[in-house]
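Chain residues, written in single-letter form:
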Amino acid sequence: MIEPYIINFPKIGNSVQGYISVAENENLPFKVNRIYWTYFTPESVERGGHSHYELEQILVAVAGKIIVNTEVISVVRHQFILDNPNIGLYIPKMTWRTMKYSHNAVQMCIASIVYDEKDYIRDYKTFIKNGNKRSPIQS
Ligand code: TYD
């Protein structure tokens, strides 16, 4: 079982010039297929509430603060606080996740596969019950 973990990206620069962080395929746990970003999320809203059969992701708070709760195969739970643009959270397949955002948060998601609603498990009971079943997008 692979659990979520924090990735430290290179931080190039200094406090006078500012910084660049970089994510490259050779330093990531999967080959990148897609990048999207989430923003203007009200603080009262909890996003996520799903798992994926195949999708692996890295979440980066490029601005603001994101609190991510994860659960792998129903028992291993973690909370991560993303409040630094040079770190990312690797989320393996079959991980239930929820996210809360500060008002100024911008979340970049680096994704391993293209968007496919069939890859989602959006019902928690189904995640617990069917979590190890074969992906419907592989057949
Ligand atoms: P979802 O992945 O559930 O967002 P979050 O995990 O941040 O809560 O996606 C929210 C909605 O957006 C859902 O209806 C699917 C749609 N969506 C797309 O159409 N394309 C995409 O690439 C993504 C990521 C989501």
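In this report, we go over the structure that sits alongside the text. These figures come from a predicted structure and were not determined experimentally.

Topic: the pattern of salt bridges
By the definition in use, this model includes four salt bridges. We note a salt bridge from Glu54 to Lys93, for which the minimum N-O separation is 3.0 Å. Placement of the pair is Glu54 in the loop between β5 (46-52) and β6 (57-63) and Lys93 in the loop between β9 (87-91) and β10 (95-101), with a sequence separation of 39 residues. For Lys118, the salt bridge identified is with Asp116, shortest N-O distance 3.6 Å.

Remarks on a nonpolar patch on the surface
Residues Ile35, Trp37, Tyr39 and Phe40 make up a contiguous nonpolar surface patch of roughly 530 Å² in combined accessible area. Along the chain, the position of Tyr39 falls in strand β4 (residues 34-39). The exposure class assigned to Tyr39 is partly exposed, which follows from its relative accessible area of 44%.

Concerning the nonpolar core
Counting 13 residues, the largest nonpolar core has Leu59, Ile66, Val68, Leu82, Leu89, Met99 and Tyr101 as its most contacted members. Secondary-structure elements contributing two or more residues to this core are β6, β7 (66-72), β8 (76-82), β9 and β10. With three residues, β9 is the single largest residue contributor to this core. Excluding its chain neighbours within four sequence positions, the residues that come into contact with Val68 are Leu59, His78, Gln79, Phe80, Leu82, Leu89, Thr98 and Met99. Residues Ile7, Phe9, Val60 and Ile110 belong to the second largest nonpolar core, which totals eight residues.

Here's the deal with the site of the ligand
Every residue near the ligand is listed here: Arg34, Tyr36, Arg47, Gly48, His50, Met99, Tyr115, Tyr120 and Arg122. In this structure, an oxygen atom belonging to the ligand sits 2.5 Å away from a side-chain N or O atom of His50. Coverage of the ligand by the protein amounts to 63% of the 530 Å² it exposes when considered alone. Elements that contribute at least two residues to the shell around the ligand include exactly β4 and β5. Top element by residues in the shell around the ligand is β5. It accounts for three residues.

Here is what the cut-offs are and how they apply
Residues numbered from 1 in each chain as written. Predicted model: local features only at pLDDT ≥ 70, side-chain atom pairs only at ≥ 80, totals over all residues. Heavy atoms only, no water. Salt bridge = Lys/Arg side-chain N within 4 Å of Asp/Glu carboxyl O. Helix = DSSP H or I, 4+ residues; strand = E, 2+ residues; numbered from the N terminus. Patch = residues over 30% accessible without salt bridge, like charges linked within 9 Å, V, L, I, M, F, W, Y side chains within 5 Å. Areas by Shrake-Rupley, 256 points an atom, 1.4 Å probe, with all protein chains shown as cover. Buried < 20%, exposed > 50% of the residue type's maximum accessible area, 1.4 Å probe, protein only. Core = buried A, V, L, I, M, F, W, Y, C linked by side-chain atoms within 4.5 Å. Contact = heavy atoms within 4.5 Å. Near = heavy atom within 4 Å. Polar contact = N/O pair within 3.5 Å; in protein donor to acceptor, adjacent residues only side chain to side chain.

Structural measurements only, silent on function.
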